[in-house]
Every structure is written in C-alpha cells, then in structure tokens.
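Chain by chain, the residues run as shown.
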Amino acid sequence: MLALCLTVLFVSAPLLWLLKPHRSLSFGWWAALPSAAVTLWQMGQLVPVGQGTFWVERYGWAPTLGLELALRLDGLALFFGLIITGIGTCIAFYTAHYFAGDPRQGFFYLLLYAFMASMLGLVWSDNLLALFVFWEGTSLTSYLLIAFKSEYKAAVDGARRALIVTTAGGLALLAGLVLLGLEAGTFSISGLLATPGIATAAVTPIALTLIFLGAFTKSAQFPFQFWLPGAMAAPTPASAYLHSATMVKAGIFLLARLHPAFSELPLWFWTLLLTGSFTMLLGSLSAIRYTDMKALLAYATVAVLGMLVLLLAFDSSYAYAAFVVTVAAHALYKAPLFLSAGIVDHAMGTRDLRKLAGLGRSLPLLAVTVTLAALSMAGVPPTLGYLAKELLLESGIKPLEQGEWLVGALAYGAATLSALFMVGAILTLLWEAFFRRHPEEEGARLHHAPSFGFMAPALLLTLLGALGALAIDSVQNLLFAPAVAALAGEPVELHLKLWHGFTPVFLTSLAILGLGTAVFLARSPLRRLLNSLPAQLSSLFVYDQLVNALYRFAYRITTWIQGSPLAPQISVTLLSAALLVAYAFAQSSLASLPLLDSLEMPSLTEWLLCVLALFGALTTIRARSRLSAIIALGVVGLTVTLFFLVFGAPDLALTQLLIEVLGILLLVLVFFRVRPDPNLESGQGTSWRTISKLGMAAAMGFFGFAVVLINHISQVGESISPYFLENSYSIGRGSNVVNVILVDIRGYDTLGEITVLALAALGGYALLRSPQLPLLRRRIQLARRQNGAASQPTPPKTETGHD
Amino acid sequence: MTEIYLRLVDRILTPILLLIAIFLFLRGHDLPGGGFIAGLVAAAAIELTILALGSTATRDRYGPWLAPLLGIGLTVAVTAALIGMAGGGFFLGRWIQFEVAGETLKLGTPQLFDLGVMLVVVGMAVTYLLRLSEAAEAATPSAERQEPRP
C-alpha cells in the first residue's frame with residue numbers, strides 16, 4: 001500500500017503535465033485529488049500506528065549492495081507524511097489559481113508531484129540508501145522549481161546555489177550513511193537503531209559529522225543558511241511547500257530519525273545545541289531587515305529550523321513534544337503566510353513592504369488569514385504556535401532547573417531572544433502590509449481582487465493551526481504521541497495543556513510578546529543598523545568568493561595545461577606515452593623475449609601494402625598544401641583498410657574505410673577554420689623544428705611498433721578469442737562475432753562508449769557554437785562593407801586555442 | 001547554390017547510401033555490418049547532402065530529428081539493455097523468431113541495442129559535420145564560395 005501511494009504520486013506527476021491543466025481554473029480540484037487520497041489513507045493509519053502496529057513493506061532493489069526499497073510507517077513517518085501530503089493538497093489546489101492560464105502550470109504540477117513523491121519516500125523509507133536516493137530526488141526537484149522562472153537571473157543563480165550546497169551536503173551524507181551502515185552491518189534504519197554499541201563505535205564520530213553536514217546543508221543551518229533566501233526566487237507555491245513546510249525539514253527529519261541511537265553522545269549534543277541556537281538567533285535577527293515579504297518569511301523559517309535542531313539536542317520528553325508541535329505549528333502558519341504573500345504579489349503586482357499599505361481594507365479575508373497565522377507565529381494563546389513556544393521554553397528551562405547553567409542559559413536565552421525578534425518581524429509584516437494607512441514609497445494599486453478559491457487553502461491551514469490547540473487532548477494522543485514515541489525510541493505519554501498557571505515560562509511568554517512589540521516599534525533604527533553591517537560578514541559573500549576563486553583556479557589550470565597551440569599539447573601526450581613504453585622495455589630484459597621465433601616473413605601483398613603506406617606517409621610530410629597532405633593521409637588510412645582485409649577482418653576494414661572518409665571530411669572542414677601555420681605553408685620550417693618533429697615522429701613509430709610487438713609476444717593467460725568464437729552463436733545467436741561481441745557479450749562497454757560519443761557530440765556542439773562564430777561572421781561582414789563589394793574579402797581567420 | 005553535378009549526385013546517391021545503411025544494419029548480426037558501420041554510412045550520406053545543398057537546406061531537412069537523435073539513441077540502447085531485467089539480467093538478450101517466405105528471421109534486443117548505437121553515431125557525426133560546415137560557410141563570403149580556393 002505504501003508503494004502504491006508513492007506510485008500514485010509519481011504517476012500523477014507526468015499525467016497532470018500531459019493534461020494541460022492551465023485550460024481550466026477548476027482543475028485545482030483534480031490536481032489536489034491524488035495527494036488528498038494519500039492523506040486520507042494516512043489518516044486511516046493514525047489509530048493503528050498509535051497502537052504500535054506499523055505498516056512495513058520491502059522490495060528488493062540491488063540486494064548485493066544492501067539496497068532495498070524498505071518502507072516503514074511508524075509514528076514519525078506518518079506525522080511527516082501527513083504534513084507532506086496534507087499541505088501538498090492545499091498547494092496543489094492553490095497552484096491552479098496562482099498559475100491560472102499559464103501554459104507552464106502543467107510543468108509545475110509535474111515537478112510538484114515528483115517532489116511530493118520523493119519527499120514522502122524519504123520519510124517513509126526504512127533503508128539508509130533508499131532514503132538517500134529520495135533525498136537527492138528532493139534536491140533535484142527543488143533545483144528545478146527554484147529555477148522555474150528561468151528567464152530571471154536571480155532564479156537561476158539561486159537555484160544553482162541551492163543545488164551546489166545541498167548536493168555537496170548530500171555527498172557527505174552518503175559517505176556518512178555508508179560508514180554507519182557498514183559499521184552496523186545493515187542498511188535498514190530500524191536495524192541500525194537497534195544495533196547495540198553503534199553510538200560508541202570508532203567510526204561513529206566521522207559518520208555523524210558527515211551526516212550533520214548533509215542535514216545542515218539541507219535544512220539551511222549556519223553557515224549554509226544563505227541558499228534558502230535565494231531559493232525564494234521560486235514560484236510562491238513552491239516556496240511555501242518546499243522551502244518552508246517540507247523539504248527544508250528533511251535534514252531535521254533525518255536527525256530525528258537517528259536521535260534514539262545517538263542523542264547521548266556529547267558530539268551530538270553540542271553540535272546541535274550550538275548550531276541550532278546560533279542559526280535560530282541569526283535567522284530571527286535577519287528577518288526584520290528585509291522588506292520583501294518572502295525574504296522576511298524565509299529568514300523566519302531559518303530561525304525555526306535552527307530551533308528544531310536545538311530541540312533535537314535534548315533528551316527530555318518536553319523537547320520531543322516541543323519538536324513535534326513546532327513542526328506541526330510551523331507548517332500550519334508558515335505555509336499560509338507564504339501563500340498569502342503570493343496572493344498579495346498577484347493582486348498588487350509587488351510584495352515589497354515599502355510599497356504596500358492598507359491591504360486590510362481592500363482584502364479583508366486575506367487580512368484575517370494573515371492575522372491568524374501571525375498570531376500563531378508570534379505565539380499568542382490559544383494557537384498551536386503558543387503551545388510550541390511554551391514547550392520550547394520548558395525544554396530550555398529544564399537544564400536550568402537541573403543546575404546545568406551554561407546549557408540552560410544558552411538554550412533559554414537563545415529561545416527567548418529569537419522568539420522576541422520573530423514577534424517583531426511578523427508584527428512588522430502585518431502592520432506594514434495590512435493595517436497602516438500610507439506606504440513609505442509610492443504605493444502599489446490593486447490589480448484584481450483574488451477569488452475565494454485562491455484564498456481558501458491558506459485560510460484552511462491557518463484555521464487548523466490557530467484552532468488545533470483547542471482540541472489538543474485528542475490531537476496529542478492521535479498525532480503527536482506516536483511521533484514522540486519514535487523520537488524517544490519508546491512509548492511516551494503526553495500531557496500537553498494550554499494553561500499551566502503562572503509559571504516562569506508563562507511569564508517569559510508574556511515578556512516576549514511585550515518586548516517583541518518594542519522591537520516592532522523600534523524597527524526603523526533596527527533595519528538601519530542591520531543594513532549598515534558590512535557585506536563581508538554574510539556567508540553568501542564567503543560562498544560567492546569561494547566559487548569565484550574556484551573559477552579562477554580552474555581558468556589558471558586550463559590555461560596552463562591547454563593554453564598552448566594544439567601541436568605542442570599533443571606532443572606532450574604522445575611523448576609521455578612513448579616514454580612509458582620505452583621505460584617498460586628498459587625494465588624488462590629484451591633478451592629473454594622469444595622475439596623472432598613466432599614471427600613469419602611477410603607475403604608479397606603485405607610488402608606491397610607496406611610500401612604503399614610508407615609512400616603515403618612520405619607524401620603527407622612533403623605535401624605543400626594542407627589539402628594534399630590530408631589526401632595523402634587518406635592513402636595511409638586506406639592502406640590500413642587493405643591490411644585489415646588481407647588479414648580477414650571485413651568488419652574492421654569497413655569501419656576503417658568509413659572512418660577514413662568521414663575523418664578526411666572533418667579534417668577539411670576543421671582546417672578551413674584554423675589559420676594556416678605560415679611556416680608550414682611556405683615550407684620554410686626552421687631546422688630545429690623539423691628535427692624535433694622528426695624525433696617525435698620516430699618516437700611515435702617506435703611506440704606503435706613496440707605496442708604491437710608486445711601484444712603479439714606476451715601472452716598473459718589464456719586467449720579469450722576462442723570463447724567468443726564458441727559462444728557467439730549459442731549466446732548471441734549471431735554468426736558475426738564482432739557484432740555479437742559489440743552488442744551482446746560486451747554490451748556494457750558499448751553502452752559506455754556510445755554515452756561518451758553522445759557527450760562528445762554535445763561538447764562539440766557547444767564548442768562550435770561558441771561566441772566566436774557570430775563574432776567572426778560580423779567581422780567578415782564589416783570588412784566587406786569597408787572594402788566595398790569589388791575588393792577581395794579577407795581570408796577567414798579564427799583564433800587559436802579553440803580546436 | 002552549389003554546382004549542379006553535386007546536386008545531381010546527391011539526388012541519386014544519398015537515397016542509395018541510406019538504403020545501404022539500412023541494409024548493413026539489418027545484416028549486421030550475421031555478416032559484416034552492424035549499427036556502428038550503418039551509422040557511419042548514413043552520416044556520409046547526409047554529408048553528401050550538406051556538400052550539395054549547403055548546411056541550411058540540410059538542417060531544414062534533418063534538423064528537427066538531429067537534436068533528439070542522441071537522446072533517442074541512448075534511450076533505445078538502455079531500453080534494450082533493460083528488457084533483459086525481467087528475465088534476470090541486465091543485457092540479457094530476448095529473441096523472437098518468425099518465418100517469412102521460407103527464411104527464418106530473428107529479432108532480438110541486441111539488435112535493438114544496435115539500433116541505439118546507430119542512432120547515436122549518426123547524431124554525433126552529423127552534429128559535428130553540420131556545425132563545422134556552418135562555420136565554414138559563415139567564413140566564406142557567398143560570392144566566393146563557388147570559386148576554388150587559391
């Protein structure tokens with residue numbers, strides 16, 4: 001059933017694309033159907049999973065590698081799965097309005113569903129390697145979604161950054177997962193968690209560090225957080241879905257998955273504690289600086305991701321509950337906020353806070369939605385966000401009560417400060433966009449009011465988030481408790497309540513709201529202060545510097561190795577090959593080789609062919625023009641063809657003949673573009689050049705001769721030819737042995753070769769359409785115009801270093 | 001426009017060469033020939049058209065097929081290799097045999113794979129030839145193109 005769900009989603013992706021959904025606005029209902037169905041099925045699993053019966057499915061994939069498609073629906077998987085498909089349903093519905101009439105809508109659905117399937121596979125997977133495959137699937141679809149508006153440079157840049165950062169982390173993650181899997185002797189996640197002593201194994205610190213890299217890059221932790229704001233160039237439904245509600249939580253999810261086995265390690269604790277609290281502070285402080293609604297929300301997302309990492313450092317039931325509630329609350333308020341930003345963008349043509357004001361009057365329903373979501377984000381009772389914040393503070397105050405002052409102060413302080421700035425940021429957004437009367441700059445005007453269907457998904461999610469806490473008694477047992485149990489590794493009973501009395505935590509909550517309002521009131525000086533920070537401090541700057549340095553390094557290496565003209569470059573390659581063979585000859589004792597015994601005297605035909613080849617070669621050297629040189633070279637090639645015929649290899653002969661024909665054509669065409677070497681054309685090479693080239697030619701002749709000779713006389717093991725001859729017909733059912741070898745017995749090789757061929761074609765295509773061509777054309781036109789029609793046009797010229 | 005005799009040669013020889021390519025491909029499993037060779041022959045045939053009609057006209061004729069050819073070829077090859085998977089192995093040949101006019105014809109996934117090879121070879125060779133010809137034509141002023149180079 002799990003595999004069926006994944007298949008449904010995977011199949012929906014191209015299907016929705018092919019249906020050309022932009023033709024009808026009501027298509028949103030259909031587009032939301034597959035994920036809604038999967039959501040409903042998962043809801044039906046809530047009760048059995050709560051009782052501890054997990055749905056498990058296993059399919060062999062590459063068993064020798066330890067790779068199998070193992071799916072396991074435990075509490076955590078179900079919790080994340082519900083968020084993925086539940087929010088996905090709303091996003092799919094919203095997309096129909098967001099991309100109304102846009103022909104690219106179908107392609108967006110394709111990517112959206114491909115992502116949803118990968119993400120669901122990731123959280124359901126019970127195999128480390130399968131999890132990695134799905135992980136990379138989310139990275140790729142995220143890349144394509146960020147670059148969706150590929151006509152904008154910001155989109156392409158942001159997408160590339162996100163891809164490089166997340167896949168670099170992905171590589172580290174793969175290494176870490178493989179190390180862990182080898183150490184545990186199993187790649188099954190449930191098996192790994194049950195392996196005794198895995199936390200104390202010698203390889204675990206290395207493996208964990210690598211896994212941290214993967215999780216932190218994916219979940220935008222410091223210092224990798226910079227890709228997330230850049231990802232906001234994606235269409236808003238993708239930002240709401242991937243870059244706040246689901247994909248960025250993949251790293252968090254992985255950490256939560258591994259939590260039961262490793263949470264007692266100091267490495268785990270301190271890494272997560274420090275990274276999480278710093279990211280949390282950084283994100284919440286940065287958020288208020290931005291006037292782009294999506295950028296503000298993106299930094300707030302970074303803060304929440306940091307908060308989640310911080311919570312995973314701890315080992316208390318408060319922290320588990322805080323983690324689960326925060327994930328749910330964040331998904332339910334941040335996705336609607338993003339969706340609303342998209343609606344504002346649609347309706348006003350901008351989402352820049354400086355140009356917005358008074359939307360509360362023109363879009364009242366949207367204002368209600370955003371206000372409710374903002375209350376949840378600010379943690380005002382009785383929303384789910386309030387509960388999340390209470391639990392966060394509880395888990396921070398716990399170490400304080402136990403006397404661990406440093407840890408407690410760090411966690412509690414970071415949580416308080418960050419919550420306070422978040423309140424300031426969201427109040428800023430709410431006030432500036434919806435409630436103040438006059439914008440800072442010339443205000444944007446309302447293009448067209450959004451329909452109810454456009455706003456419905458955001459409103460639905462917000463209501464769930466705002467009112468979910470009121471039904472906390474049933475929600476916690478049904479939804480939260482199984483997830484917490486998976487985190488803790490044992491069944492846990494939850495007693496979440498909205499009202500605890502006047503505890504220190506509640507008082508802190510009140511203080512946060514008050515101070516947050518103060519931050520909101522002081523937003524202008526704060527923005528000025530943050531904007532005056534030097535750019536060198538941001539990790540985006542560091543990243544860009546690194547990438548630029550890499551480009552410069554590559555450029556230097558390339559000019560160093562390949563900067564010279566073609567002839568010297570080839571000479572280096574050929575001479576080193578010849579030297580290697582000479583070295584091999586010097587090492588082996590020549591006398592011991594049974595040299596001439598096995599050689600026969602050539603026949604008359606062979607003598608004649610040799611003379612013909614020599615004649616062709618000499619003509620090539622002595623040729624005055626390049627065209628005659630090429631033709632003479634063709635004679636040499638044809639002689640080789642005849643050799644093949646004489647020795648009874650018609651296939652080779654045929655291939656050689658055809659290659660010769662096409663090769664000559666290509667040579668002619670290439671030489672047409674390359675500026676002639678004046679020395680060669682005039683036949684007046686300096687004597688030193690001639691001598692060095694003679695030496696090179698002799699070395700190459702020796703090389704070819706030696707290779708053939710060695711091949712002939714050194715028989716290592718049994719020859720494989722008889723095997724091919726015997727089995728060609730019985731296995732490959734063909735009497736042409738060469739062909740059977742190529743397409744059947746050694747088909748792998750051929751597949752590799754044609755892949756190389758195809759890549760070479762792409763490379764050549766790119767190379768030959770390089771900017772030099774139009775440049776050349778323009779230069780010639782210019783020259784012709786200057787000289788007038790009567791005068792001789794200039795001969796074609798091309799820069800070297802191109803071929 | 002190029003010389004009339006070249007165009008005549010193209011008119012007559014190109015179809016024949018393409019037929020030869022198909023012929024070589026079909027007999028390839030038992031007699032000299034096969035996808036690689038057939039691909040080269042087809043590329044030579046197309047080059048003849050390039051020489052006769054110029055790259056623009058050739059691109060008009062083959063262009064829409066050219067870019068996807070590499071991809072199609074690779075896909076066909078991989079598909080042929082994958083078909084064996086159901087029988088228990090990558091590259092495991094699957095064969096069908098039938099009688100046509102007394103002759104036994106056999107078709108199998110190795111030949112399908114060979115078709116992929118042929119398509120990739122044609123795509124690669126023609127990509128290069130067309131690009132280089134375009135470059136050469138761009139470098140030659142049209143008035144001079146008919147005259148032999150000094």
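Everything quoted here is computed from the prediction, not taken from an experiment.

1. Points about helix α11 (residues 250-262) of chain A
Residue and element names in this part refer to chain A.
- Given a rise of 1.5 Å per residue, 13 residues ought to cover 18 Å, and the 18 Å separating the end C-alpha atoms of α11 matches this to within 8%.
- Along α11, 12 of the 13 residues are buried, which leaves the element largely enclosed by surrounding structure.
- All of the buried residues in α11 are Ala-250, Gly-251, Ile-252, Phe-253, Leu-254, Leu-255, Ala-256, Arg-257, Leu-258, His-259, Ala-261 and Phe-262.

2. Some points on the nonpolar core
- Formed by 208 residues in total, the largest nonpolar core has its most connected members in Trp-124, Trp-227 and Phe-323 of chain A.
- Sorting elements by how many residues they give to this core places helix α14 (residues 317-348) of chain A first, with 22 residues.
- When residues of this core are sorted by domain, at least three fall in each of domain 1 (1-262) and domain 2 (264-532) of chain A.
- Not counting chain neighbours up to four residues away, the residues in contact with Trp-227 of chain A comprise Arg-161, Ala-162, Val-165, Thr-166, Thr-217, Lys-218, Ala-220, His-243, Met-247 and Val-248 of chain A.
- Residues Leu-669 and Ala-758 of chain A together with Leu-24 and Leu-66 of chain B belong to the second largest nonpolar core, which totals 42 residues.

3. Some thoughts on the confidence of the model for chain A
- Across chain A, the average pLDDT comes to 84, with 92% of residues at or above 70.
- When the criterion is pLDDT under 50, residues 789-803 of chain A qualifies, and its contacts beyond four places in sequence or with other chains add up to 21 contacts.

4. Quick word on the pattern of salt bridges
Residue and element names in this part refer to chain A.
- One pass over the structure, following the stated rule, counts 14 salt bridges over all chains.
- Arg-72 is the partner of Asp-74 in a salt bridge, and the nearest nitrogen-oxygen pair spans 3.7 Å.
- Here Asp-74 falls in the buried class, since its relative accessible area comes to 5%.
- A salt bridge links Arg-351 to Asp-292; its shortest N-O distance comes to 2.8 Å. One end of the pair, Arg-351, is in the loop between α14 and α15 (359-362); the other, Asp-292, is in the loop between α12 (266-287) and α13 (293-313), and 59 residues separate them in sequence.

5. Digging into the side chain of Glu-390 of chain A
Residue and element names in this part refer to chain A.
- Locating Glu-390 in the fold gives a position in helix α17 (residues 384-401).
- Buried and unpaired, Glu-390 has Lys-389 as its nearest opposite-charge partner, separated by 6.7 Å.
- Apart from residues lying up to four places away in sequence, Glu-390 is in contact with His-500, Val-505, Phe-506 and Ser-509.

6. Some thoughts on the pairing of strand β2 (residues 67-73) of chain A
- Within β2 of chain A, 5 of the 7 residues are buried, leaving the element largely enclosed by the surrounding structure.
- Where strand β1 (residues 55-62) of chain A folds back onto β2 of chain A in an antiparallel hairpin, the turn is made up of 4 residues, including Gly-66 of chain A, whose phi is positive at roughly 80°.

7. Quick word on the packing of aromatic side chains
Residue and element names in this part refer to chain A.
- Evaluated as defined, the whole model comprises 27 aromatic pairs over all chains.
- Between Phe-262 and Trp-268, the ring centres sit 6.5 Å apart and the planes meet at 25°, which makes this aromatic pair stacked. Taken as a pair, Phe-262 and Trp-268 share a single burial class, namely buried.
- Pairing Phe-269 with Trp-270 gives two aromatic rings, centres 5.3 Å apart and planes at 80°, and the pair type is edge-to-face.
- Residue Trp-270 is classed as partly exposed on the basis of its relative accessible area of 35%.
- Members of the aromatic cluster, each reached through a chain of ring pairs, are Trp-17, Tyr-94, Tyr-98, Phe-99, Phe-107, Phe-108, Phe-148 and Phe-454.

About the criteria used
- Residues numbered from 1 in each chain as written.
- Chains lettered and ligands numbered in written order.
- Predicted model: local features only at pLDDT ≥ 70, side-chain atom pairs only at ≥ 80, totals over all residues.
- Heavy atoms only, no water.
- Helix = DSSP H or I, 4+ residues; strand = E, 2+ residues; numbered from the N terminus.
- Expected span 1.5 Å × (residues − 1).
- Buried < 20%, exposed > 50% of the residue type's maximum accessible area, 1.4 Å probe, protein only.
- Core = buried A, V, L, I, M, F, W, Y, C linked by side-chain atoms within 4.5 Å.
- Domains from an automatic or database assignment.
- Contact = heavy atoms within 4.5 Å.
- pLDDT = per-residue confidence, 0-100.
- Salt bridge = Lys/Arg side-chain N within 4 Å of Asp/Glu carboxyl O.
- Lys, Arg positive; Asp, Glu negative; His and termini not counted.
- Pairing = 2+ DSSP bridges.
- Phe/Tyr/Trp six-rings, centres within 6.5 Å; stacked < 30°, edge-to-face > 60°.

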